[in-house]
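Inside the fold
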Amino acid sequence: MSRNLLQKRFMDRYLRPVATETRSVPESVRETARRLLRDEARYGECIAMLDAQPGIESDPFGLKLRGVAKLSMKNFDEAEADFLDAIRLLTRESSALHCNLAAVGIERGELDQALTAATTAMSIDCSWYLPVVNTLCALALQGDVDSAWQALVNALESWPDGRFDPELIRYLQSDGILSILRRDGRFQQFLAESNGYINV
């Protein structure tokens, strides 16, 4: 495979933003929030300042600070929601990093390393397409169609309501590495019925 084709595939698959990735709260605002948290009388000011930030809902560190302020004000439900959202964001980012490690293994042909990283990414957060795609790619390159099928079934069973990101279907339909899977009857049937599985 040519280096340009490898680069294009890498850019398409691994450098696109994670779905949860948007703007974040500037570090200067986070630092101001930390200072405000040292003064009990300024917790409300801290919350208001963070609420005004356009990137607050996608910044796990900003959410943590806002959650601490809410916890300090004994607003437990809202604090819990902020902490859970921060954990969700960090979980997705950790999964994405393992996906990048899987990409290194796939591109180097170190398929055991790729499979380990991809399955780790799935164990951290299998609610999005890339850990599944990486797992399927590593297994397809190993020629292990049965294990690839089982990985897809396991992913489907673990996703909310049995529905998942349409990006997975797009990769199954078009990725060159996954062509071996498309020749298998189970995958052909799955793709033919895939509209019923897509989470839109």
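Predicted, not measured: the structure shown is a model, and the values here were computed from it.

Rules and cut-offs
- Residues numbered from 1 in each chain as written.
- Predicted model: local features only at pLDDT ≥ 70, side-chain atom pairs only at ≥ 80, totals over all residues.
- Heavy atoms only, no water.
- Core = buried A, V, L, I, M, F, W, Y, C linked by side-chain atoms within 4.5 Å.
- Buried < 20%, exposed > 50% of the residue type's maximum accessible area, 1.4 Å probe, protein only.
- Helix = DSSP H or I, 4+ residues; strand = E, 2+ residues; numbered from the N terminus.
- Contact = heavy atoms within 4.5 Å.
- Salt bridge = Lys/Arg side-chain N within 4 Å of Asp/Glu carboxyl O.
- Expected span 1.5 Å × (residues − 1).
- Arc of directions from axis to C-beta.
- Phe/Tyr/Trp six-rings, centres within 6.5 Å; stacked < 30°, edge-to-face > 60°.
- Lys NZ or Arg CZ within 6 Å of the ring centre and 35° of its normal.

1. Here we look at the nonpolar core
Counting 35 residues, the largest nonpolar core has Val 132, Leu 136, Leu 152, Leu 168, Leu 172, Leu 178 and Leu 181 as its most contacted members. Within the residue set of this core, elements represented by two or more residues are helix 5 (76-108), helix 6 (111-124), helix 7 (129-141), helix 8 (145-158), helix 9 (166-174) and helix 11 (185-192). The element contributing the most residues to this core is helix 7, with 9 residues. Those residues in contact with Leu 136 that lie beyond four places of it in its chain are Ala 148, Ala 151, Leu 152, Leu 168, Leu 172, Leu 178 and Leu 181.

2. Quick notes on the pattern of salt bridges
Within this structure, the stated rule accounts for 16 salt bridges. The partner of Glu 45 in a salt bridge is Arg 42, and the shortest N-O contact between them spans 2.9 Å. Arg 42 sits in the partly exposed class, given a relative accessible area of 34%. Via salt bridges that share partners, Asp 51, Glu 57, Arg 66, Lys 70, Glu 78 and Asp 82 belong to a single interconnected network.

3. Let's talk about unusual backbone geometry
Peptide bonds are, in most cases, trans, and in most cases residues other than glycine have a negative phi. Of note, the phi angle at Lys 74 is positive, near 65 degrees, even though the residue is not glycine. Within the secondary structure, Lys 74 is located in the loop between helix 4 (60-72) and helix 5.

4. Brief notes about the environment of Gln 188
Looking at the secondary structure, you find Gln 188 in helix 11. Its relative accessible area of 44% is what places Gln 188 among the partly exposed residues. Residues Gln 188 and Leu 172 lie 16 residues apart in sequence; the distance between their C-alpha atoms is 9.7 Å. With sequence-adjacent residues up to four places away left out, Gln 188 is seen in contact with Arg 182 and Arg 183.

5. Considering helix 6
Three- or four-residue spacings in an α-helix give side chains the same orientation, since the helix completes a turn every 3.6 residues. For helix 6, built from 14 residues, the straight-helix expectation of 20 Å at 1.5 Å per residue is met to within 8% by its first-to-last C-alpha distance of 20 Å. Restricting attention to buried positions, one finds in helix 6 the residues Leu 111, Ala 114, Leu 115, Ala 117, Ala 118, Ala 121 and Met 122. Buried positions in helix 6, seen along its axis, are confined to an arc of 170 degrees and lie on one side of it. Relative to its buried face, helix 6 has exposed residues pointing more than 90 degrees away, namely Asp 112, Thr 116 and Ser 123.

6. Focus on the packing of aromatic side chains
Within this structure, the stated rule accounts for 4 aromatic pairs. An angle of 80 degrees between the planes, with centres 5.9 Å apart, marks the rings of Trp 128 and Tyr 129 as edge-to-face. Comparing Trp 128 with Tyr 129 shows no difference in burial state: the two are buried. With 6.5 Å between their ring centres and 80 degrees between their planes, Trp 149 and Phe 190 make a pair best called edge-to-face. Highlighted residues: Trp 149 in helix 8 and Phe 190 in helix 11, separated in sequence by 41 residues. These aromatic residues form a ring-pair network of at least three members: Trp 128, Tyr 129 and Tyr 171. Here Arg 170 stacks its cationic end above the ring of Tyr 171, 4.9 Å away from the centre of that ring.

By themselves, these figures tell us nothing about what the structure is for.
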